[in-house]
Amino acid sequence: MTIYARRGVPTVINAAGTLTRLSGAIMRPEVTAAMAEAASAPVDMAVLQAHASDVIAAATGAEAGYVTSGAAAGLLVATAACVTGLDASAMARLPDVAGLKNEVIVARSQRNGYDHAVRTTGVRLVEVGLPDRASGAGVRDAEPWEYATAIGDRTAAIFYVADRDARPPLRDVVTVAHAAGVPVIVDAAAELPPQANLTRFIAEDADLVVFSGGKAIGGPQASGILCGRRDLIMAAALQHLDMDVMAEFWAPPARLIDKDRLVGLPRQGIGRPCKAGKEEIVGLLTALELFIAEGDAARHARWLAEARIIADGLAGAPDTKVDVVGHDDIGAVPKAMLRFPRGHEARGAELIRALLGHEPAIHADASDHACGLVTFNPMCLRPGDAETVVRAVAAALGT
Ligand SMILES: *Cc1c(COP(=O)(O)O)cnc(C)c1O
């Protein structure tokens, strides 16, 4: 009996991807073993985070890195770092940002649910651009001059959400930001694969970048990476670590926290409620090393095999079309996609409901159901799941 069965909690088949609400990535046995080992001995967290900084710096090309309890937590402490710098009294005041740099600029098209983590620091988002999807008059997204003219004395940072199609290009945003001495925070939470994105945004001169640990990297669900400029990582660490310590006995590794740069010891910061445990830190680092070692090609082949089992199993179902999207792009996640014909789009929603009623419940990617598309993402499938999905879909379609 599994731990979930013993506790009366049903497991599900996750064909929707590394969604937080469906518990994120499935970890490899090496990662769970590393976490169990990490759990068995005490360690100085600042020393462990300094080691994590070295590993993350090597993987991303950044000056320094830090393990957070997720990409969203990373956004919170990244923003806090940009607001306070190394000013310990400013750290103590957050989320009261009166009189501090209390504005963060963002393209209106990039507003999203996770920017709540940015706003949690107390800053106000200043939106630029007008991605006009309503008037049909042609769409122009935010442009670099709009960022440039929005920058003022109160600007703490520019917030940029990375995406294949994000406009304007990050490099152009960084250029106008740095001309005004403003740092750029990049949300790249779900931008892996391709693996090259680990270094890409730092190479494009972003000041801070966050990635989720519990998505493609395959780390603990409650882990994330923050990487970037050493002084900003130091400011983030100071607002995240437990600071219940006496200055005269405190000797954090200087490459993470250079004590000599502080006028005094900050107290518990705004990031303290998002603590990352030693188990998450070691698990994330182990997963990151395995992610890099596997490489895009092998990972894509592994996922493609699962997507093909589903696509091949569903081929020939009446009145549907099935494809494997992303089969020819090793930087993408290949997915099986079932398409219902025009006029019959509602059958997509019916199928999704039927799969949720299956035992165990099967969660498909429902995001395009209104267009008659039901997508099966292989990232969180376990051995045998793809075959179960095929049988359940065939039964639901009556074939
Ligand atoms: C998933 C996601 C997040 C949150 O990541 P966590 O690691 O779950 O905190 C933030 N931003 C974007 C764009 C995401 O896709």
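Residues numbered from 1 in each chain as written. Predicted model: local features only at pLDDT ≥ 70, side-chain atom pairs only at ≥ 80, totals over all residues. Heavy atoms only, no water.

## Here's the deal with the pairing of strand E3 (residues 103-107)
Of all the five residues making up E3, five are buried; the element is thus mostly covered by neighbouring parts of the structure. Going residue by residue along E3, you find Glu103, Ile105 and Ala107 tucked away on one face and Val104 and Val106 tucked away on the opposite face as well. Two strands pair when backbone bridges link them, and E3 and strand E4 (residues 124-128) are joined in this way by five bridges, in the parallel orientation. Bridge pairing in E4 places Val104 opposite Leu125. Examined bridge by bridge, E3 and strand E5 (residues 155-161) share four bridges and lie parallel to one another. Residue pairing across strands places Val106 opposite Phe159, the latter belonging to E5. (Buried < 20%, exposed > 50% of the residue type's maximum accessible area, 1.4 Å probe, protein only. Helix = DSSP H or I, 4+ residues; strand = E, 2+ residues; numbered from the N terminus. Pairing = 2+ DSSP bridges.)

## A word on the packing of helix H11 (residues 278-314) against helix H13 (residues 385-397)
Direction vectors running N to C along H11 and H13 enclose 25°, while the axes themselves pass 9 Å from each other. Between H11 and H13, the angle falls in the class roughly parallel. The way H11 lies across H13 gives a crossing that is right-handed. Across the interface between the two elements, Glu306, Ile309, Ile310, Gly313 and Leu314 from H11 touch Ala386, Glu387, Val389, Val390 and Val393 from H13. (Axes fitted to C-alpha atoms, helices over the stretch in contact; angles between N-to-C directions. Parallel < 35°, antiparallel > 145°, perpendicular 65-115°, else oblique. Left-handed = near helix turned anticlockwise from the far one by under 90°. Contact = heavy atoms within 4.5 Å.)

## Points about the packing of aromatic side chains
For the structure on display, the rule yields zero aromatic pairs. Its end group placed over the ring of Tyr114, Lys215 keeps NZ or CZ at 5.8 Å from the ring centre. Sitting above the plane of the Phe291 ring, Arg299 keeps its charged end 3.7 Å from the centroid. (Phe/Tyr/Trp six-rings, centres within 6.5 Å; stacked < 30°, edge-to-face > 60°. Lys NZ or Arg CZ within 6 Å of the ring centre and 35° of its normal.)

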